[in-house]
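Structural overview for review
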Amino acid sequence: MIGPDKILEVKNLKKYFPVTKGIFSKVVNNVKAVDDISFYIREGETLGLVGESGCGKTTASRVILALDKPTSGNVYFGGRDIFSLRGEELKKLRQEMQIIFQDPYSSLNPRMSVGNIIAEGIGAHGIARGAQKREMVEALLEKVGLSGSYYGRYPHEFSGGQRQRIAIARALSLKPRLIVCDEPVSALDVSIQAQILNLLSELKRDFNLSYLFITHDLSVVEHVSDRIATMYLGEIAEVAPTDEFYSNPLHPYTVALLSSSMSPDPGRRKKAVILKGDVPSPLSPPPGCRFHTRCPVAIDICSVKWPGPKELANGHMVRCHLVDQDNPQSPVKV
Amino acid sequence: MSVKDRDIKELSEGLAGEVSRFSEAWGIFSKNKLALSGLAIFIAFFMIAVSGFFLTAGEEPLLDPAKVRLSEKLLRPFTSFDVEMVRPEDRPVFGIYLFGTDDLGRDIFARMMQGAWVSLTVGFVAVGISIAIGIIMGGIAGYYGMYRMKFMHLLCMFIFLASGIMYASAENGGAFIMFMAGTVCLLLSVGYYFFYTRRGADIPVFRFMFFETITADSFIMRFVDIMLCFPTFFLILTVIALLPANIYNIMIVIGLTSWMGTTRFIRAEFLSLREQDFVAAARVMGISDFSIIFRHMIPNAIAPVLVSATIGIAGAILTEAGLSFLGFGVPPPHATWGNVLSDGKRFIFDAPWLTFIPGISILVVVLSFNLFGEGLREALNPKLRKR
């Protein structure tokens, strides 16, 4: 059920990491990890965020969860500006957004039992205590497909898929409304990936969750997302509903990404758009359109003028000079 | 939910038997025969030292390390006493001198028992102090290291330090003035900080107090570097010369000069742990910094510290013995292994047991701690485990 309310709204979010020099730590440059991104997630919706390694997906998620301070910009969760919250208010907010990490081997404390890992948040927020807490944890373990008898076991006794289930149980323990999934399946075997993805969509139905689903796997994101955003060099290049994203991709980068992904259906296979060169350094992103250095159809204006977001019909957004607002057609012909 | 029931069944079958980390580490440790014998000697030493404390303490101890029997000088180990010359209350408990007697006819066995307690307490208390300081300093440097220290922090610290130094050099009046000045300075900055953040007051005159200087990390770690520049043993000698010589001062001074290694270990572990996903997950759940440090970080960082502590105990015992040997340690009537050795060295050709018994005891205990520490390192660090 996708409601009309925006649960999360990110506005002009920037995160720069200063490069310092000398004993006085003079800032000589900035790594522009996230440079002016804006998007929103509606209640009960899954937004897929795709992009290659180093494009700022994970940094964006850390800032959205208030783990890092932003350089500028705002994040609104349920209408509240999360960066203005302090102390108890922030702690309350933390209950409502949780994260599932990529690597299930480093996301669980090896010195704590599974029960304690899941129960920690429940105890810290005073949701339950004693026998009631234990019951909740066992129920959560069973909810994610593990046995409640694993309460006293330690993480090293479990396999990768099982550990990821434990991490999911921990994220659910505070009854959040939004879960940031930071590549939750990319460290797992393909057969386990399917199990975890099914578990995630089952939980979304049961608990009315919203997901920000970060990945670089286009086949996974197609399966889980309601809308998909592409990120390139700290910037969101395109946002579109899933069907539209796959049927009518507009940004040349999205087209290239999609053409590079494998399809099991021979009829769907198309000629790949091969990009030349490497991603430019986020220390000195190219002027104008970020993508113009590798774009197959770049024209003069692309290297001069920075393309603003173009809002098209049915929630499609794209940053490209070559897309016509009235008649959206991708400039790259495949 | 048939899918889930099937999952539970499948997943339960795939799980190996319950193996705790302790039993896993013990399995590796117990295969190392040297480390195991180190542990055995450590336990034996511990029991000897504790019984030594109870047997030699009090008004009428069972083993009196200070009883002088001038007729019974420099007797070999296992010789019995002279019934005619020794009064009944001065007789050794076992009827023989197990380790012989020294030049004043004192029972070396009793002296060694008393010395064992000194070595044990010096080892544990000194290392305890150094680990406590090391964990606090390393923890601050590793977890809060990126915060920049304000000018007022440095100022308050400097004034209090000056007050401490004046107090130590018996300048009580000056120390009191400095202490009051430091307190006033601290209260002023705290008060101003409170008004600055809560009320938005801004007094330009006091703005220099908030001038950002170096980071807490470089402050602490450069201090560690400075401390490491001093040759520790000579630093201890100097400090001992200034302070009244007693066993507690020696423990404290050894502790205060050996925390740098622990600080570096803890800082390094904290730096890598704070980037781990499970710490980020705890922060996302709104767990307090205190809980994160004590429940997530210290338990994961403690293994190398435990190893260095074990080896550090050996070092502290050796340092204490060295100080006592040079005559700077525990004052004379009290026996320690170092001063038994020191007293005996004049008679090394006539009564070699006076040097060999404490010498070999120190060797065995220090060696056993080192072997135990090495075994612990291997057992606790998965990367060093043999396949």
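Right, let's walk through the structure included here. It should be emphasised that the depicted structure is a prediction, and the values quoted were computed from it without experimental measurement. (Residues numbered from 1 in each chain as written. Chains lettered and ligands numbered in written order. Predicted model: local features only at pLDDT ≥ 70, side-chain atom pairs only at ≥ 80, totals over all residues.)

Of regular secondary structure, chain A possesses 9 helices and 12 strands. Rg of the C-alpha trace for chain A: 21 Å, near the compact-globule value of 20 Å for 334 residues, within the 12% margin. Taking the principal axes of its C-alpha atoms as reference, chain A extends roughly 70 × 60 × 40 Å. The 334 residues of chain A split such that 43% are buried. For chain A, restricting intrachain contacts to residue pairs at least 6 apart in sequence, the fraction spanning at least 24 positions comes to 65%. (Helix = DSSP H or I, 4+ residues; strand = E, 2+ residues; numbered from the N terminus. Rg over C-alpha atoms; globule rule 2.2 N^0.38 Å. Buried ≥ 20, exposed ≤ 12 C-beta atoms within 10 Å, placed from the backbone. Contact = placed C-beta atoms within 7 Å.)

Residues and elements named next belong to chain B. Two elements in contact, helix H4 (residues 108–143) and helix H12 (residues 289–325), have axes whose closest approach is 8 Å; the angle formed by their N-to-C orientations is 140 degrees. The two elements H4 and H12 cross, and the hand of that crossing is right-handed. Here Ser119, Val122, Gly123, Phe124, Ala126, Val127, Ser130, Ile131, Gly139 and Tyr143 of H4 come into contact with H12, specifically with Ile293, Val305, Ala309, Gly312, Ile313, Ala316, Ile317 and Glu320. Taken together, the residues of the contact of H4 with H12 break down into 12 nonpolar, 5 polar and 1 charged. (Axes fitted to C-alpha atoms, helices over the stretch in contact; angles between N-to-C directions. Left-handed = near helix turned anticlockwise from the far one by under 90°. Nonpolar A, V, L, I, M, F, W, Y, C, P; charged D, E, K, R; others polar.)

Looking now at the nonpolar core. Within the largest apolar cluster, 162 residues are counted, with the highest numbers of intra-cluster contacts made by Ile99, Ile179, Cys181, Leu212 and Phe213 of chain A together with Ile317 of chain B. Per element, the largest residue contribution to this core is 19 residues, and it comes from H4 of chain B. Core analysis: the second largest hydrophobic core is formed by 5 residues, Leu250, Val318, Cys320 and Val323 of chain A among them. (Core = buried A, V, L, I, M, F, W, Y, C linked by C-beta atoms within 7 Å.)

With that settled, consider the interface of chain A and chain B. The partner chain B presents 23 residues to the 29 residues of chain A that form the contact. Of all the elements in the fold, those that place two or more residues in the side of chain A that touches chain B are helix H2 (87–94), strand E6 (97–100), helix H3 (114–124) and helix H5 (160–172) of chain A. With 3 residues, H3 of chain A is the single largest residue contributor to the side of chain A that touches chain B. Taken together, the residues that form the side of chain A that touches chain B break down as 10 nonpolar, 11 polar and 8 charged.

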